[in-house]
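Report on the structure
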Amino acid sequence: MLHTMSTTVETVSERSADEVNEEIRALWLRSGGTLSVEQREEYQRLVLEWAAAAPQPLNAV
């Protein structure tokens, strides 16, 4: 039986961009500056979560 991986990003929680940023920083500190394959996947997920949570700038017209 084949399973397909979803390509959509779903927000797991309603954390603020600051909270997600702290988790990203902690991941880099734990890794010693070099991410394993698993850590890279976590980093990518966190960056997408951070981007979704970050305030969007208003375009001045």
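Scroll up to find the structure this text is about.
The present account deals with the structure reproduced in this document.

Thresholds, definitions, all that
Residues numbered from 1 in each chain as written. Predicted model: local features only at pLDDT ≥ 70, side-chain atom pairs only at ≥ 80, totals over all residues. Heavy atoms only, no water. Salt bridge = Lys/Arg side-chain N within 4 Å of Asp/Glu carboxyl O. Helix = DSSP H or I, 4+ residues; strand = E, 2+ residues; numbered from the N terminus. Buried < 20%, exposed > 50% of the residue type's maximum accessible area, 1.4 Å probe, protein only. Phe/Tyr/Trp six-rings, centres within 6.5 Å; stacked < 30°, edge-to-face > 60°.

Okay, the pattern of salt bridges next. On inspection of all chains with the given rule, the structure shows 5 salt bridges. Ionic pairing is found between R15 and E49, a salt bridge with its closest N-O pair at 2.9 Å. Taken together, the residues span a long stretch of sequence, with R15 in the segment before α1 (17–31) and E49 in helix α2 (residues 37–53) at a distance of 34 residues. Overall, E49 belongs to the buried group, its relative accessible area being 9%. Residue R45 pairs with E23 through a salt bridge whose shortest N-O separation is 4.0 Å. Residue R45 is located in helix α2, and its partner E23 is located in helix α1; the two are separated by 22 residues in the primary sequence.

So, on to the environment of A52. In this fold, A52 is placed in helix α2. Placed 37 residues apart in sequence, A52 and R15 show a C-alpha to C-alpha distance of 9.9 Å.

Time to look at the packing of aromatic side chains. Counted according to the given criterion, the structure contains 1 aromatic pair. Look at W28 and Y43: their rings are 5.6 Å apart centre to centre, the planes differ by 80°, and that puts the pair in the edge-to-face class. A residue pair is termed long-range when its members are at least 10 positions apart, and W28 in helix α1 and Y43 in helix α2 qualify at 15 residues. Accessibility expressed as a relative area gives 33% for W28, which makes it partly exposed.

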